[in-house]
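Single-letter residue listing:
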Amino acid sequence: MRSVISRKSANSRQVDELNAFAQAKLDNLQAKDLKRGLDPTSRGVGGAIVRNGKASISFCDNDYLGLSQNPRVVAAAGAAAIRYGAGASASRLVSGDSPLNHELETMIARMKGLEACRVFGSGYMANMGTIPVLVGKSDVVVMDELSHACMHAGAQLSGAEVRLFKHNDVSDARLQMQSLPAGARVLLLTETVFSMDGDLAPLQELQALCEEFGAWMMTDDAHGFGVIKQDNPALIQMGTLSKAVGVYGGYVCGPSAFIELLISRARTFVFTTGLPPQVLGAALEAVSIIDRDKQLAKSVMSKTKAFTDALGLPAPTSTIVPILLGEAKVALDVQAKLLEDGFHVSAIRPPTVPAGSSRLRIAFSAAHELDDILSLAESLKKHLPKGVLRT
Ligand SMILES: Cc1ncc(COP(=O)(O)O)c(C=O)c1O
């Protein structure tokens, strides 16, 4: 009995220790305006949300085509769950390989014009799993410094030497290709549409560089698929089903033998459960809508342009318009003022963006109403610090 009691008190000492450790870190983040929180949010159509009991229109989602609320997509989720059940029950390699995975992979490979496709649990897992299959300890990854956290994580995990090049700077990418270790494989990583800046990568120039140096290029099309169709020469192209597709999951497309190899070697594919049938059913319906209805992508781009025109900003290159504000506190203050006017635009702070470049990342959807977009522009004119909108 005594030993149970003393184990309990040792255990509660450890609980106190861990809480003190975490609280010190939380206090430190709070002091720098970098502490993050969760606000339960219910979502409806046209960006309408209710967050902490307050209704607003959200302009920071990645649901660029409004497909997460599309009745056909929602019905397809329900139908797939009724037909196949609520969960995959195992890794795809064991017994969780729903036939819906194969339908989805065939459709995405065809739309991308690449030999084959593999669906992963998420875009994050797709990058984390694929990069270490391509390169290892004696190899080199050359990557755009603003590539998403999961590309950085995959590159680190591979054990390869990681060399960053300045954002979208092909000359700097060339410099990073110099003095390669003998026999090293080189993988160049970039996003197609940059998630926090909305600008596009110079894909043709980067591919030419890869061909010159015998490197392979892999792109992350998370914010392009379904919206921005670029001529993409990259050998390996990953993306997500969670943004314009409006559902969840990730994919990697490329040469067929490589996509086959992922089944045996990508650890985030092998050692995890397959996506649930309702996610696959919904994604299949959403991807087939994207395939058929090219008007949706045109609509979101013209709505984004209406916004940039209203603020006198340059024409958009994607559905993402960043408004740089510098310090985290300034971005949080503008976020709060916009919310008073009925708009939710989450302030993006480090480490999601580099220190001193906190911003509002405004993202548009084909489902947004034009009136709401123009009212957001008016609200920004009122609340942004002077000089921010000067281009
Ligand atoms: C550029 C980029 N790549 C990958 C991901 C990860 O995708 P997922 O949300 O499917 O894990 C994201 C999501 O934030 C992203 O912005």
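Just so it is clear, the structure is predicted and the values come from calculations on it, not from any experiment.

### Here we look at the site of the ligand
Close to the ligand lie 14 residues, the nearest being Gly123, Asp220, His223, Thr240 and Lys243. In this structure, glycine 123 approaches the ligand through a main-chain N or O atom, which is 2.8 Å from an oxygen atom. At a separation of 2.7 Å, an oxygen atom of the ligand approaches a polar side-chain atom of threonine 240. Taking 390 Å² as the accessible area of the ligand by itself, protein coverage stands at 85%. Split into classes, the residues belonging to the shell around the ligand amount to three nonpolar, eight polar and three charged.

### Observations concerning the pairing of strand E4 (residues 116–120)
Judged by how many residues are buried, E4 sits mostly within the fold: five of five residues are covered. Because side chains alternate across E4, one face comprises the buried residues Ala116, Arg118 and Phe120, and the other comprises Cys117 and Val119, equally buried. Bridge count for E4 against strand E10 (residues 250–254) is five bridges, and the pairing is antiparallel. Its bridge partner being in E10, valine 119 is matched across the sheet by tyrosine 251.

### Structural notes on the packing of aromatic side chains
Counted according to the given criterion, the structure contains five aromatic pairs. Between phenylalanine 307 and phenylalanine 364, the ring centres sit 4.8 Å apart and the planes meet at 50°, which makes this aromatic pair tilted. With phenylalanine 307 in helix H11 (residues 295–311) and phenylalanine 364 in the loop between strand E14 (358–363) and helix H13 (370–383), this pair connects stretches of sequence that are 57 residues apart. Of the residues examined, phenylalanine 364 reaches a relative accessible area of 0% and is grouped as buried. Site record: aromatic cluster; members linked through ring pairs are Phe59, Phe307, Phe343 and Phe364.

### Some thoughts on the domain arrangement of the chain
Each assigned domain of the chain is listed with its residue range as follows: domain 1 (39–67 + 295–383) and domain 2 (88–275). Spacing between the C-alpha centres of domain 1 and domain 2 amounts to 28 Å. Facing the 19 residues of domain 1 at the interface are 17 residues of domain 2. When domain 1 packs against domain 2, the two sides together hide about 1400 Å² of surface, and 62% of this comes from carbon and sulfur. Viewed at the interface, domain 2 and domain 1 are joined by one salt bridge. Among the ionic pairs, arginine 359 bridges to aspartate 197, the shortest N-O distance being 3.1 Å. Where domain 1 touches domain 2, the interface holds seven residue pairs in polar contact (both at pLDDT 80 or more).

Parameters and conventions
Residues numbered from 1 in each chain as written. Predicted model: local features only at pLDDT ≥ 70, side-chain atom pairs only at ≥ 80, totals over all residues. Heavy atoms only, no water. Near = heavy atom within 4 Å. Polar contact = N/O pair within 3.5 Å; in protein donor to acceptor, adjacent residues only side chain to side chain. Areas by Shrake-Rupley, 256 points an atom, 1.4 Å probe, with all protein chains shown as cover. Nonpolar A, V, L, I, M, F, W, Y, C, P; charged D, E, K, R; others polar. Buried < 20%, exposed > 50% of the residue type's maximum accessible area, 1.4 Å probe, protein only. Helix = DSSP H or I, 4+ residues; strand = E, 2+ residues; numbered from the N terminus. Pairing = 2+ DSSP bridges. Phe/Tyr/Trp six-rings, centres within 6.5 Å; stacked < 30°, edge-to-face > 60°. Domains from an automatic or database assignment. Contact = heavy atoms within 4.5 Å. Buried area = accessible area lost by both parts, 1.4 Å probe. Salt bridge = Lys/Arg side-chain N within 4 Å of Asp/Glu carboxyl O.

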